Amino acid sequence: MGGGDVHLESDFTWRRMFAVFWRIGILSFGGPAAQIAVMHRILVEEEELLDEERFLGALSFCMLLPGPEAMQLATYAGWRLRGVPGGLLAGLLFVVPGALVVLGLAMLYMAVGHLPIMAALFLGIKGAVLIIVMEALLRVAKRALHSAVHWIIAGLAFVAIFFLSVPFPILILISALAGFFLLSGQSTENSEPGRGGGSTSGTVRTVAIWMVVWWTPVFVLMAVGGYEVLVQIGNFFSRLAVVTFGGAYAVLAYLAQDVVTHKGWMSAGEMMDGLGLAETTPGPLILVTEFVGYVAGYRAGGMSMGIAGALVTLWVTFAPCFLWIFAGAPYIEQLTAQPRLKGALEAITAAVVGVILNLSIWFSLHVLFAELPSLQVGPVKLLMPVWHSLDWRVLLIGGVSAIMLLWRHQSLMRTLGVAALMGVGFAAMEHFSG
């Protein structure tokens, strides 16, 4: 289902492949920053399946694509190891665990409403996620910022996106142009000639196959008739799949405005609840779209229609991701071997550090403070936390998570488990004291 030269690891068995990417899938909490850090730790440091330069080159390429970059990076890693079947396995293992959890929580949410035990668990996990994202920022910065130019690009990217709300595609374009002219000729010490490369016929075949895979369910629903809401879901999220540059955070405002104001599928409060579910479950944050699809389907025809809505949403959200990777992966090393293109990709990676810093601060402020008004001063937008709304429980859980993860170097799963139990403990204390 895809062309191009791929370098297979002959000693990398399917059993080991499943174990590695299953572990990545169930540990992929905390949004793209933390997910990329988890993948780097497992694929580069522990398993040594990708070298540093190839990992960062692939990450830069994935940042240029619409859709969740972490899922696409996992798909690329699987493709390198076992071709298209390996890419499918890696991508699905990254998405499916979180998708099952989000579906189950969406069903509970619509059936019985807000569950105190789930809120308590999410409280704890959010505290740990703060530290996971910080660790990710440190890891990616250490490996992406090699010169003063890289640092300047990262700093300017942060200022542009955090204070000036510069659209992510424009930020990437400017960074790429800066790197194209300023960083050409610079390279990491492990640079090696490009290998691989795809053929035009193979690329055309790959695109054609995956376009059919992507759109067939939508056309079938249109032909059968009687499933108008599912067709609307399929069309809406298919359009969304090609404009989600910069990952889920870059598109959340557009998504929320459309599904709440224009589509009327859910309320603003329900949209925020869905985002909370997606932020505190494994898998890409874009799985919030699955929650939206379930709620829209459920309101149109009950649980069975809700499940169908969730499945259609997942299909049209992630099928394009496989298309982008399987069509583009054979060319990544050719691109990164060209000095000027390599400079452009290095600059994009540096800008990504600024973007991750932006996401880290944004997420931290929203988790720590119940009240977070914004102040617009000309083109500058400032977030103004109300200090008496600080949630000391999250701060304490974050402190314990920092000790476990950054100082004691405990596993992510153990850290998340302790954080979740602390959240439940705080909820129990409040219940009995109240």
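Residues numbered from 1 in each chain as written. Predicted model: local features only at pLDDT ≥ 70, side-chain atom pairs only at ≥ 80, totals over all residues. Heavy atoms only, no water.

K.L.:
How would you explain the overall build of the protein chain if you had to name every residue and give the values?
P.N.:
Summing up its helical and strand segments, the protein chain has 16 helices and 2 strands in all. Counting every position in the protein chain, which comprises 434 residues, the buried fraction comes to 54%. Of the contacts made within the protein chain by residues no fewer than 6 positions apart, 74% connect residues no fewer than 24 positions apart. Carbon and sulfur atoms provide 68% of the accessible area of the protein chain, an area that totals close to 18,500 Å². (Helix = DSSP H or I, 4+ residues; strand = E, 2+ residues; numbered from the N terminus. Buried < 20%, exposed > 50% of the residue type's maximum accessible area, 1.4 Å probe, protein only. Contact = heavy atoms within 4.5 Å. Areas by Shrake-Rupley, 256 points an atom, 1.4 Å probe, with all protein chains shown as cover.)

K.L.:
If you had to explain the packing of helix H1 (residues 14-26) against helix H4 (residues 69-112) to someone new, which residues and values would you point to?
P.N.:
In the contact formed by H1 and H4, the axes pass within 8 Å of each other and the chain directions differ by 40°. Considered as vectors, H1 and H4 are oriented oblique to each other. Crossing angle aside, the handedness with which H1 passes H4 is right-handed. When H1 is examined against H4, the residues Trp-14, Met-17, Phe-18, Phe-21, Trp-22, Ile-24, Gly-25 and Ile-26 are found in contact with a partner set consisting of Ala-74, Ala-77, Gly-78, Leu-81, Arg-82, Pro-85, Gly-86, Leu-89, Ala-90, Leu-93, Phe-94 and Pro-97. When the residues that make up the contact of H1 with H4 are grouped by side-chain class, the tally is 16 nonpolar, 3 polar and 1 charged. (Axes fitted to C-alpha atoms, helices over the stretch in contact; angles between N-to-C directions. Parallel < 35°, antiparallel > 145°, perpendicular 65-115°, else oblique. Left-handed = near helix turned anticlockwise from the far one by under 90°. Nonpolar A, V, L, I, M, F, W, Y, C, P; charged D, E, K, R; others polar.)

K.L.:
Explain the pairing of strand E1 (residues 374-377) to me, and be specific about the residues and the numbers.
P.N.:
Looking at chain direction, E1 and strand E2 (residues 380-383) are connected through 4 bridges and run antiparallel. Opposite Ser-374, over in E2, you have Leu-383 as the bridge partner. A loop of 2 residues connects E1 with E2, the two strands running antiparallel in sequence, and Gly-378 in this loop sits at a positive phi of about 65°. (Pairing = 2+ DSSP bridges.)

K.L.:
Can you tell me about the environment of Ile-361, naming the residues and giving the values?
P.N.:
Checked against the element boundaries, Ile-361 lands in helix H14 (residues 339-368). In sequence terms Ile-361 and Phe-162 are 199 residues apart; their C-alpha atoms lie 8.9 Å from each other. The contact partners of Ile-361, leaving out residues within four places of it in the chain, are Phe-158 and Phe-162.

K.L.:
Give me the packing of aromatic side chains: which residues, what numbers.
P.N.:
Remark: the centre distance and the inter-plane angle together describe each pair of aromatic rings, the angle taken between the planes. Applying the stated criterion across every chain, the model contains 19 aromatic pairs. Seen in terms of ring centroids, Phe-369 and Trp-387 are 5.1 Å apart; in terms of plane orientation they differ by 85°. Their pairing is edge-to-face. A residue pair is termed long-range when its members are at least 10 positions apart, and Phe-369 in the loop between H14 and E1 and Trp-387 in the loop between E2 and helix H15 (392-407) qualify at 18 residues. Its relative accessible area of 64% is what places Trp-387 among the exposed residues. Among the aromatic side chains, those forming a connected cluster through ring pairs are Trp-214, Trp-215, Phe-219 and Trp-324. A cation sits over an aromatic face here: Arg-340 above Phe-180, 5.4 Å from the ring centre. One Lys or Arg, Arg-408, reaches over the ring of Trp-407 and ends 5.7 Å from the middle of that ring. (Phe/Tyr/Trp six-rings, centres within 6.5 Å; stacked < 30°, edge-to-face > 60°. Lys NZ or Arg CZ within 6 Å of the ring centre and 35° of its normal.)

K.L.:
How would you summarise the pattern of salt bridges if you had to cite specific residues and measurements?
P.N.:
What the rule picks out here adds up to 6 salt bridges. Put simply, Asp-51 and Arg-54 hold a salt bridge, and the shortest N to O gap is 3.3 Å. Where Glu-430 meets Arg-393, a salt bridge forms, and the shortest distance between an N and an O atom there is 3.0 Å. A residue pair is termed long-range when its members are at least 10 positions apart, and Glu-430 in helix H16 (residues 412-433) and Arg-393 in helix H15 qualify at 37 residues. The partly exposed category is assigned to Glu-430, whose relative accessible area is 42%. Accessibility expressed as a relative area gives 18% for Arg-393, which makes it buried. (Salt bridge = Lys/Arg side-chain N within 4 Å of Asp/Glu carboxyl O.)

K.L.:
Describe the state of the cysteines, and please don't skip the residues or the numbers.
P.N.:
The final tally for this structure, using the stated rule, is 0 disulfides. Cys-62 takes part in no disulfide bond, and the closest cysteine sulfur to it belongs to Cys-321, at a distance of 9.6 Å. Residue classification places Cys-62 among the buried residues on the basis of a relative accessible area of 0%. (Disulfide = S-S within 2.5 Å.)

K.L.:
Please provide a residue-by-residue account of H14, values included.
P.N.:
Under the 1.5 Å per step criterion, the end-to-end length of H14 is 43 Å for 30 residues, consistent within 8% with the ideal 44 Å. Most of H14 sits out of view: 23 of its 30 residues are buried. (Expected span 1.5 Å × (residues − 1).)

K.L.:
Describe the nonpolar core, naming the residues involved and giving the relevant values.
P.N.:
If you look at the biggest cluster of nonpolar residues, it comprises 136 residues, and the most contacted ones within it are Phe-21, Met-39, Leu-43 and Phe-237. Residue contacts for Met-39: discarding those within four places in its chain leaves Ile-24, Val-44, Phe-55, Ala-70, Leu-73, Ala-74 and Phe-94. (Core = buried A, V, L, I, M, F, W, Y, C linked by side-chain atoms within 4.5 Å.)

K.L.:
Give a detailed account of the side chain of Arg-393, specifying residues and quantitative values.
P.N.:
Among the polar contacts made by the side chain of Arg-393, one reaches the side chain of Asp-391 at a distance of 2.8 Å. Those residues in contact with Arg-393 that lie beyond four places of it in its chain are Leu-123, Phe-426 and Glu-430. (Polar contact = N/O pair within 3.5 Å; in protein donor to acceptor, adjacent residues only side chain to side chain.)

K.L.:
Break down unusual backbone geometry for me, with residues and values.
P.N.:
The phi torsion at Glu-48 lies on the positive side, around 55°, for a residue other than glycine. Note that Glu-48 resides in the loop between helix H2 (31-46) and helix H3 (52-63). Here Glu-48 falls in the exposed class, since its relative accessible area comes to 64%. Positive phi outside glycine occurs at Ser-165, with the angle close to 55°. For Ser-165, the location among the structural elements is in the loop between helix H6 (148-162) and helix H7 (168-182). What makes Ser-165 partly exposed here is its relative accessible area of 44%.

Read these as layout, nothing more, since geometry by itself doesn't imply function.
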